[in-house]
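Overview (structure and organization)
Each chain is listed here by its residues.
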Amino acid sequence: MNLFLYLDRESPVHRLDPRTKIFLLLGSFVAAVLFFQPGPLLALLAVLLLYGAVGRALGNLRRVWFLLLSIALISTVSWSVFARGSTPLVWRVTWEGLRYGIGAAIKIDSMIVSGLIFLSTTRTEEIVLGLIRLRVPYQAAFAFSLAIRMVPTIIGTALAIRMVPTIIGTVVTVAEAQRSRGLDLESGGPVQRLRSHVPLLVPIFLHTLRNTDQLAKALESRGFGAGRERTSYLEIGFHVADAFALILAGLILAMFIAIRFTG
Amino acid sequence: MIRLEGVSFRYRSAPEPALSEVTCHIRPGELVGLLGRSGSGRSTLASTLNGTIPHLVRGELRGRISIAGQDIQGLRPRDLADRVGFLFQDFEAQLFSTNVALEVAFGPENLGVPRAEIARRVDRCLRLARLEVLRHKAPAGLSGGQKQRLALASVLALEPRALVLDEPTSDLDPAGRRDLWEAIRRLREERALTLLIIDPETDEVGWADRLIVLDRGRVALSGTPAELWSEGDRLDALGVKGFTLARLATALGLAERWQDTDGAAAAIRAAGWRVAEGAADRLRRADDERASGGALLDVEDLTHRYPDGTEALAGVSCAIRRGEFVAILGQNGSGKTTLVKHFNGILTPTAGDIRLSGQSLRGQSLARLSRHVGLVFQNPDHQIFAERIRDEVAFGPRLQGLSENEVSRRVEEALEAVGLSDAGDLDPFILTKGSRQRVAVASTLATKPELIILDEPTTGLDHRELLGMMALIQRLNQAGHTILIVTHAMAVAATYVRRVILMQDGRIVREGPTREIFGNESGLFDLGLTPPPVVQVGNRLGVPALTLEELVGSLVQGTEGPRDKGTETRQ
């Protein structure tokens, strides 16, 4: 359970206050939901990739390329088939449907990329502290951080079939144990493959349950939720770079809004 | 400091109480070792001390528990966090921060300790745990031993007055174990802390002020290590292995208590015992008679590099012969598990080759290899998934496409071999850890592999379960299976294994007959390994005995007669 997306590196984005990065994340989401056309969404994605490059976080994209690609393909194909339009291309696919599908694909992928850059450049503890300073109750903020911890587990489980080398320990160990007994995870049709995963899911699920139980005990014994005013060892604060980042992001967002409502 | 009066507890839906009428008192600054077989109530007792029972684990609790004079009824673990610290066996689940310093700070933050004081505590606790240089590292990247010491530092940062350690070293390798105990010794020198240590091994907690043995939820025996020194038989009856050196003393009819193996050897000599003439040769000859057949597994210049570039194995060559019983020893991270994962095809070599009965493993499917090589993983819970033991064991044979008749024949055979014939219809999850381990062995056995590899087969088992498991493995070996185990349990290797392979940093540094390898103590020390006490005493007396029986059988009374060659070279 101890795999984080956070990349411990030096970068201007890492040095930003977590609250700034939360605002940038929300701003990118707003920009993404404004549009349906591929053009401006592609521009947004480019801005995000630039942001990620400055934050030296793009390496993490390689870990989820499969997820990004699958979403893009599923979105493009399904919208092409089901969305209506007036310019037919082939079969029941229309130009408008295809455009809409590509737009939706870039939109979802942009949001994932933005979230990933956030998690890659911000420590879990910083996120929690940022949320607390934004007046989110501590327990809720911590629950959120636990949810973040689960992200790699979920992605890992989903990708276990592909044996991505970076996925978490339990999934790998269970898969290895069952494959040692002769379980074949790679051959057969979709139904067969799904069925052959049952021997993986039961131990993983039980292990996660036990782990959660242990975690609860360990958390409480370290005074979690003791009901006293919580202090913080980590220090955060707004600096010049934060103001610069927020103004720049504000300008870009304003530009996107202007394009959306004038053009 | 810690006082229990008539404490009873029954888990919800359990028919029998886990604790009944436990009364005991631990004085301030006392170090108490808590022993008992698995299921004796050790962990249950510990869980009542900080309110985990009854607040996080449901059941019926009666009696009075007080910490530092205060009744803790109604207090939750979080309310007691700055009074009773808890260190758990599973260090993975205790760490949740992204770097070492923040991990230590987490507790004090929760208690509202001012930042400057937190910073002081972080420094102090990291120094005590010898983790200062790692303060900016991610906990996930630490070794097991370092993780457990980080968990210790994190608990100490709360500045509790009592500390409960629930099997803190069970998942650690020998070096990790030694470092943790050293940290605790330093801690005791620094401040008066009351300590309760749960450990399955009496030898490990021999330095305690007092030992308490639980049995069926009751205090069955209590006394100082000196008082329990010669109580080997009573401890045995309670499912706890007594002091190893005490058993040796008793066998030789000596009454005094020995602090260490040097003292033991000196006392044995002083009592007029000497090594019988030719004893060493007799032991070595007996080894030769157990020689084995032709090559089964041939490893040639095996190298394995992980995708991130780490070289886990760097040119390993070795051979396993038919019918052998071999152990691979070494620290965590030395490449032992990586090596055996190549033997059944889970991992494929980056370079080099492995041949099974002369045939290269390259290109062979895992499903096919699993018929010839069975690998039993360390934690049975990583593989058990069926609702009935019978189905769990049948999983492998069914995947081989055998007829239902043949499958059930093999299942019965395998269950019989592990002593679970009557349990076939039970749910594996109601079994103890030791029995679940047996289910895992049976699952492998049912596929009838020639080579059975067991990764840490005795971890987490109590003394009796350990003896049962090793007797089972020995029977399998005698029945013709070739056995390879990966282990940290040096006593297990000494007692059962004929040949050992020592690994370090992805290489085999030495291999040979167990007797020869264990006779060279400094060679083992260099790898962070320590031979078991009996072997050490034997080495000091000049006889390469591996078990208590062998050592006692090699000694004779009387000071006259020609001395054994070994003795002369030692002195």
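Residues numbered from 1 in each chain as written. Chains lettered and ligands numbered in written order. Predicted model: local features only at pLDDT ≥ 70, side-chain atom pairs only at ≥ 80, totals over all residues. Heavy atoms only, no water.

1. A look at the overall build of chain A
Just so we agree on the cut-off: Secondary structure elements are taken from DSSP: a helix is a run of H or I of four residues or more, a strand is a run of E of two residues or more, and numbering for both begins at the N terminus. Relative accessible area decides the class of each residue, using a 1.4 Å probe on protein chains only: under 20% of the type maximum gives buried, over 50% gives exposed, and in between gives partly exposed. Calculation of accessible area relied on Shrake-Rupley with a 1.4 Å probe; when residues are assessed, cover is drawn exclusively from the protein chains displayed.
Check the secondary structure of chain A and you find eleven helices and two strands. Ordered by position from the N terminus, the helices and strands of chain A form the series α-α-α-α-β-β-α-α-α-α-α-α-α. C-alpha extents for chain A along the principal axes are approximately 60 × 55 × 30 Å. In chain A, buried positions account for 48% of the 263 residues. When the accessible surface of chain A is totalled, it reaches about 13200 Å², and 70% of it is carbon and sulfur.

2. A few points about the packing of helix H16 (residues 404-418) of chain B against helix H17 (residues 433-445) of chain B
Residues and elements named next belong to chain B. Just so we agree on the cut-off: Helix axes are fitted to C-alpha atoms over the stretch in contact, other axes to C-alpha atoms as well, and angles between N-to-C directions run from 0 to 180 degrees. The cut-offs work like this: below 35 degrees is roughly parallel, past 145 is roughly antiparallel, 65 to 115 is roughly perpendicular, and the gaps in between are oblique. Handedness of a crossing is defined here by the sense of rotation of the near helix relative to the far one, left-handed for an anticlockwise turn of less than a right angle and right-handed for a clockwise turn. The contact criterion used is simple: two residues touch if any of their non-hydrogen atoms lie within 4.5 Å. Three categories are distinguished: nonpolar for Ala, Val, Leu, Ile, Met, Phe, Trp, Tyr, Cys and Pro, charged for Asp, Glu, Lys and Arg, and polar for the others, with Gly belonging to the last.
Contact geometry of H16 with H17 gives a least axis separation of 9 Å together with a crossing angle of 140°. One finds that H16 runs oblique with respect to H17. With respect to the hand of their crossing, H16 and H17 are arranged in right-handed fashion. For the pair formed by H16 and H17, the contact residues are Ala 414, Leu 415, Ala 417 and Val 418 on the first element and Arg 438, Val 441, Ala 442 and Leu 445 on the second. Classifying every residue of the contact of H16 with H17 by side-chain character gives seven nonpolar, no polar and one charged.

3. A word on the domain arrangement of chain B
Residue and element names in this part refer to chain B. Where we set the bar: Domain extents, as shown, originate in an automatic or database domain assignment. Each of two parts loses accessible area, computed with a 1.4 Å probe, when they are put together; buried area is these two losses added. Each salt bridge in this description consists of a side-chain nitrogen of Lys or Arg and a carboxyl oxygen of Asp or Glu lying within 4 Å of one another. The definition of a polar contact used here is a pair of N or O atoms within 3.5 Å, where within protein one atom must be able to donate a hydrogen and the other to accept one, and adjacent residues in sequence count solely through side-chain atom pairs.
When the domains of chain B are assigned, the result is domain 1 (2-228), domain 2 (243-275 + 535-571) and domain 3 (287-534). Taken over C-alpha atoms, the centre of domain 2 sits 34 Å from the centre of domain 3. Counting from both sides, the interface comprises 17 residues of domain 2 and, opposite them, twelve residues of domain 3. Summing both sides of the interface, domain 2 and domain 3 together bury roughly 1200 Å²; the carbon and sulfur share of this comes to 56%. Summed over the shared surface of domain 2 and domain 3, the number is two salt bridges. The partner of Arg 540 in a salt bridge is Glu 521, and the shortest N-O contact between them spans 3.0 Å. Where domain 2 meets domain 3, there are 14 residue pairs in polar contact (both at pLDDT 80 or more). Contributions of two or more residues to the side of domain 2 that touches domain 3 are made by helix H10 (244-251), helix H22 (533-541) and helix H23 (548-554).

4. A look at the sheet that holds strand E14 (residues 325-329) of chain B
Residue and element names in this part refer to chain B. Applicable threshold: When DSSP finds at least two bridges between two strands, those strands are taken to pair.
Here six strands make up an open sheet; going across it, the order is E17-E18-E19-E14-E20-E21 and the pairing mixed. Every other strand in the sheet has two partners, leaving strand E17 (373-376) and strand E21 (507-513) as the edge strands with one partner each. Within this sheet the neighbouring strands show an average axis-to-axis angle of 15°, counted without direction. The sheet contact formed by E17 and strand E18 (residues 451-455) spans four bridges and is parallel. Directly across from Gly 374, in E18, lies its bridge partner Ile 452. The sheet strands contacting helix H13 (residues 336-343) are E14, E17, E18, strand E19 (482-486) and strand E20 (499-504), and the helix crosses E19 at an angle near 150°.

5. With respect to the interface of chain B and chain A
Between chain B and chain A, the residue contacts involve 63 residues of the former and 49 residues of the latter. Overall, the association of chain B and chain A removes approximately 5200 Å² of surface from exposure, summing both partners, and the carbon and sulfur fraction of that is 56%. It is Phe 96, Arg 115 and His 382 of chain B in chain B that bury the most area against chain A; as a group they hold 14% of the surface buried on that side. Taking the shortest distance from any N to any O, the salt bridge between Arg 76 of chain B and Glu 220 of chain A comes out at 2.1 Å. Broken down by class, the residue content of the side of chain B that touches chain A amounts to 34 nonpolar, 17 polar and twelve charged.

6. A word on the nonpolar core
Residue and element names in this part refer to chain B. Put simply, the test is: We define a nonpolar core as any set of buried Ala, Val, Leu, Ile, Met, Phe, Trp, Tyr and Cys residues linked to one another through side-chain atoms lying within 4.5 Å.
Ranked by size, the top nonpolar core spans 82 residues in total, and within it Leu 163, Trp 258, Ile 268 and Leu 551 carry the most contacts. Each of domain 1 (2-228) and domain 2 (243-275 + 535-571) gives at least three residues to this core. With near-sequence residues (within four places) excluded, Leu 551 lies in contact with Leu 248, Val 534, Val 537, Gly 538, Leu 541, Val 543 and Ala 545. Core analysis: the second largest hydrophobic core is formed by 70 residues, Leu 4, Val 22, Ile 26 and Ile 72 among them.

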